[in-house]
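# Structural features, examined
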Amino acid sequence: GAADPVGKLTIHSPAAVPCLISGSRSEWDRLAKEVFRSAKSHAQDEDWSDMFALQDLRESDPRIFETSRGVFPAEKLLDVFPFDREACVITKGRTAIHFSHYSIDFGLKIGAIEIMPGKDLKLIQNNRGIIARQLIEHLHHVCEGFDLDET
């Protein structure tokens, strides 16, 4: 659902990936306590993260927070690389595009992201911001040529 007007915490990703979250201070405090409890109960799991905690919490109580479809996964954008009108249409109206580690791996695999000579995967993933900026600037340039309000 959409963000609640009274500030209910909203994760703007239907999969509860915490890449963009909004809500009132009291909602942040409430959910922070829940995430902390989740982390304590999974202390033996070295891979436990805020994302896993939020997904676990939502599985236990689907109404614990709201979700929206405001964030678009970058791998879906990269799947239509090279960018054309379709890339512009599928991202229109989105609040943000999330460049996850997975999407960087995906982009490298399909050739949408060039492998930097001499760079290992961890270093490439640590440059997600630079990669995202370059791809978004390219997308913006491509989309300038289309009237997306045409039917």
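Residues numbered from 1 in each chain as written. Predicted model: local features only at pLDDT ≥ 70, side-chain atom pairs only at ≥ 80, totals over all residues. Heavy atoms only, no water.

### Topic: the pattern of salt bridges
- Under the criterion given, the structure shown has three salt bridges.
- The partner of Arg30 in a salt bridge is Glu27, and the shortest N-O contact between them spans 2.8 Å. With a gap of three residues between them, Arg30 and Glu27 both fall in helix α1 (residues 25-41), about one helical turn apart.
- Given the relative accessible area of 29%, Arg30 is considered partly exposed.
- Between Glu34 and Arg37 there is a salt bridge whose closest N-O contact spans 2.9 Å. (Salt bridge = Lys/Arg side-chain N within 4 Å of Asp/Glu carboxyl O. Helix = DSSP H or I, 4+ residues; strand = E, 2+ residues; numbered from the N terminus. Buried < 20%, exposed > 50% of the residue type's maximum accessible area, 1.4 Å probe, protein only.)

### Here we look at the packing of α1 against helix α2 (residues 50-60)
- In contact at an axis separation of 9 Å, α1 and α2 are set at 100° when each is read in the N-to-C sense. By the angle between their axes, α1 is roughly perpendicular relative to α2. Two secondary-structure elements touch here, α1 through Leu31, Glu34, Val35 and Ser38 and α2 through Ala53, Leu54, Asp56 and Leu57.
- Broken down by class, the residue content of the contact of α1 with α2 amounts to five nonpolar, one polar and two charged. (Axes fitted to C-alpha atoms, helices over the stretch in contact; angles between N-to-C directions. Parallel < 35°, antiparallel > 145°, perpendicular 65-115°, else oblique. Contact = heavy atoms within 4.5 Å. Nonpolar A, V, L, I, M, F, W, Y, C, P; charged D, E, K, R; others polar.)

### Examining unusual backbone geometry
- For the peptide bond that leads from Phe81 to Pro82, omega is 0°, which places it in the cis range.
- Summarising the element assignment, Pro82 is placed in the loop between α3 (74-78) and α4 (85-91).
- Here Ala16, not a glycine, exhibits a phi torsion of approximately 60°, which is positive.
- The topology assignment puts Ala16 in the loop between β1 (10-11) and β2 (21-22).
- On the basis of relative accessible area, Ala16 is assigned to the buried category, the value being 0%.

### Observations regarding the confidence of the model for the protein
- Averaged over all residues, the pLDDT of the protein equals 89, while 93% of them reach at least 70.
- Across the protein, element-level confidence peaks in α3 with a mean pLDDT of 96 and bottoms out in helix α6 (residues 121-125) with 80.
- Below a pLDDT of 50 lies the segment residues 1-5, which in the model reaches seven contacts outside its immediate sequence neighbourhood of four places, other chains included. (pLDDT = per-residue confidence, 0-100.)

### Some details on the nonpolar core
- Among the nonpolar cores identified, the biggest contains 21 residues, and Leu77, Phe83, Ile104, Ile113, Leu135 and Leu139 are the most heavily contacted of them.
- Beyond its immediate chain neighbours, meaning those up to four positions away, Phe83 contacts Leu77, Leu135, His138, Leu139 and Val142.
- Core analysis: the next-biggest nonpolar cluster, separate from the first, contains eight residues, Leu9, Ile11, Leu54 and Ile64 among them. (Core = buried A, V, L, I, M, F, W, Y, C linked by side-chain atoms within 4.5 Å.)

### Some details on the state of the cysteines
- Summed over the entire model, instances satisfying the criterion amount to one disulfide.
- Each sulfur of the disulfide joining Cys88 and Cys143 lies 2.0 Å from the other. The chirality of the disulfide connecting Cys88 with Cys143 is left-handed, given an S-S dihedral of about -105°. Taken as a pair, Cys88 in helix α4 and Cys143 in helix α7 (residues 128-143) lie far apart in primary sequence, 55 residues in all. For the pair Cys88 and Cys143, one class covers both residues: buried.
- Free of any disulfide, Cys19 has its nearest neighbouring cysteine sulfur in Cys143, separated by 20 Å.
- On the basis of relative accessible area, Cys19 is assigned to the partly exposed category, the value being 30%. (Disulfide = S-S within 2.5 Å.)

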